[in-house]
Amino acid sequence: MIKAIGMFLLMLLKIAGWTLLILLIILLAALLLILFVPVHYDVLAKNERSMESKQKNPAANLRLQLKVSWLLHLVYISMQYGPDGLSNHIRVAGIDIPKFLAKRAEKKENHKKKKAKKNKKSSKQESITDESLLQESLTEKAITDESRINESQTKESQMTESQMTEFPTDGFQAEKETFVPTEENIRQIDSKSEKVKKQLFENDKSESNKPGQDHLDPNNQKRNKSKQKKHGNRKHAKIKQSKEKEKEKQNQKSKQSILSKIRSQFQRFHQEFTDEVNRHALSHLWAELLKLLKSYKPRKLKADISFSLADPALTGMATGAISLMPVIYRYPCSIAPDFTSEKLYVEGEILARGRVTVFVFLLSLLRLLRDKKFMYVVRRLLKRGGA
């Protein structure tokens, strides 16, 4: 019995060990594939001359196409841009990912709709049952109310007329009092009104005779207004002068601050550039970037372009600048300038093909990380950014 249990445990350990070995082999294979299998890219740019006279944009008919593939088209991505807009296609192991996701979303929506329909049916059935219960309860209430009304009517009929009492009602008319004014009352009211008028007239005279009441005189009013205007204009002019002086001072201060900032930044840049550690780090970074460009540059490049800048002088300058580029001499590229056309246009196509490997990028990154001076500069810059 013990031997059988031991053999069973050994078999389980063997199975677990083999599964772990297979998983490790798969992970290693995936890492090696990611590191050493290159990603191929294919770029195509096409442009046709617009024959319409009103159309001024020379890149109106431009078409761009980018294709990226990895591991014998196991992963394939293509993007296209043109007058119709942007379109993309992504395939993994022959499966179109956007279509697959769209189908999945449709299935989810259909499932949700089915659930909603079922819930609606159940809610309708529940509402029907609730309505039936409400009708039954209403009928029961109506029956009970009718029975109560009948009982009350029978009780009222049993009451005799002797128990009901009548209360007599007597009407009373209110007499209106009338007030008739006499001659003596009228005289008293007139004398009181004359006294009030005299007092008001005397008060007005005393206020006019008081000092500082020149505003009642029209000439004095005009003088006071002219004085107030002159005083206000002077105040306004003084305020304007003070504001202008403050603005000038602020402008001078801002100019001085901007100049001081520019000087301080220039001095700082000069110090950083002249530092030997920074120069070494920049030179090392530039060398690694050049290596990456050499490995990632297009292996195939074809160009067949004809262009015109609507001015012979400008087209000649552009052809001179393009001829200085060494790329044109290394690859089969034909660039034909048009000096006779009076219209701005670019016509032709450019095709570029190359590959990118992750291993080259990781090697350059490791070389930069091993350089102590470069890492010292990176740490210093990170501390400045954090501060």
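The model shown is predicted, which means the values in this text are computed figures rather than measured ones.

1. Description of the overall build of the protein
Helix and strand counts for the protein stand at 9 helices and 8 strands. Once local pairs closer than 6 in sequence are excluded, the contacts in the protein between residues at least 24 apart make up 65%. As displayed, the protein offers around 34600 Å² of accessible surface, 61% of which is attributable to carbon and sulfur atoms.

2. Some details on the sheet that holds strand β6 (residues 300–309)
Within the open sheet, the 8 strands sit side by side as β5-β4-β3-β2-β1-β8-β6-β7. Their pairing is mixed. Taken across any chain shown, the strands that pair with only one partner, and hence form the sheet edges, are β5 (95–96) and β7 (333–337). With respect to the sheet, helix α6 (residues 312–323) is in contact with β6 and β7, its orientation differing from that of β6 by roughly 160°.

3. Some details on a positive patch on the surface
Residues Lys113, Lys114, Lys115, Lys117, Lys118, Lys120, Lys121 and Lys124 make up a contiguous surface patch of positive charge. Within the secondary structure layout, Lys117 lies in helix α2 (residues 97–158).

4. Details of the pattern of salt bridges
With the rule as written, the count across this model stands at 6 salt bridges. Here Asp275 ties to Arg380 by a salt bridge, and the two come within 3.8 Å at their closest N and O atoms. In this pair, Asp275 sits in the loop between α4 (218–274) and α5 (276–296) while Arg380 sits in helix α9 (residues 372–386), placing the two residues 105 residues apart along the sequence. Of the charged contacts, one joins Glu288 and Lys291 as a salt bridge, the two residues approaching to 4.0 Å between their closest N and O atoms. Remark: Lys291 and Glu288 occur in helix α5; sequence separation between them is 3 residues, near one turn of the helix. One network of salt bridges, with partners in common, ties together Glu288, Lys291 and Arg367.

5. Here's the deal with the environment of Ala287
If you trace the backbone, Ala287 turns up in helix α5. Look at Ala287 and you get partly exposed, because its relative accessible area is 32%.

6. As for the packing of aromatic side chains
Taken as a whole and judged by the stated rule, the model has 1 aromatic pair. Consider the rings of Phe36 and Phe359, whose centres lie 4.7 Å apart with planes at 35°: the pair is tilted. Taken as a pair, Phe36 in helix α1 (residues 2–36) and Phe359 in helix α8 (residues 358–370) lie far apart in primary sequence, 323 residues in all. In this arrangement the basic side chain of Arg49 is found over the ring face of Tyr345, its NZ or CZ atom lying 3.8 Å from the centre.

7. Some words on unusual backbone geometry
At Leu71, a position not held by glycine, the phi torsion is positive, near 60°. Note that Leu71 resides in the loop between β2 (63–70) and β3 (75–82). For Ala93, which is not glycine, the phi dihedral falls at a positive 55°. Overall, Ala93 belongs to the exposed group, its relative accessible area being 51%.

8. Quick word on the nonpolar core
The nonpolar side chains of a soluble globular protein tend to be buried with one another. Ala281, Leu368, Phe374, Met375 and Val377 together form the largest nonpolar core, which totals 5 residues. Broken down by element, the residue count for this core peaks at 3 residues, all from α9. With residues up to four places along the chain from it excluded, the contact list for Met375 reads Leu368 and Leu369.

Basis of the calculations
Residues numbered from 1 in each chain as written. Predicted model: local features only at pLDDT ≥ 70, side-chain atom pairs only at ≥ 80, totals over all residues. Heavy atoms only, no water. Helix = DSSP H or I, 4+ residues; strand = E, 2+ residues; numbered from the N terminus. Contact = heavy atoms within 4.5 Å. Areas by Shrake-Rupley, 256 points an atom, 1.4 Å probe, with all protein chains shown as cover. Pairing = 2+ DSSP bridges. Axes fitted to C-alpha atoms, helices over the stretch in contact; angles between N-to-C directions. Patch = residues over 30% accessible without salt bridge, like charges linked within 9 Å, V, L, I, M, F, W, Y side chains within 5 Å. Salt bridge = Lys/Arg side-chain N within 4 Å of Asp/Glu carboxyl O. Lys, Arg positive; Asp, Glu negative; His and termini not counted. Charge placed at Lys NZ, Arg CZ, Asp CG, Glu CD. Buried < 20%, exposed > 50% of the residue type's maximum accessible area, 1.4 Å probe, protein only. Phe/Tyr/Trp six-rings, centres within 6.5 Å; stacked < 30°, edge-to-face > 60°. Lys NZ or Arg CZ within 6 Å of the ring centre and 35° of its normal. Core = buried A, V, L, I, M, F, W, Y, C linked by side-chain atoms within 4.5 Å.

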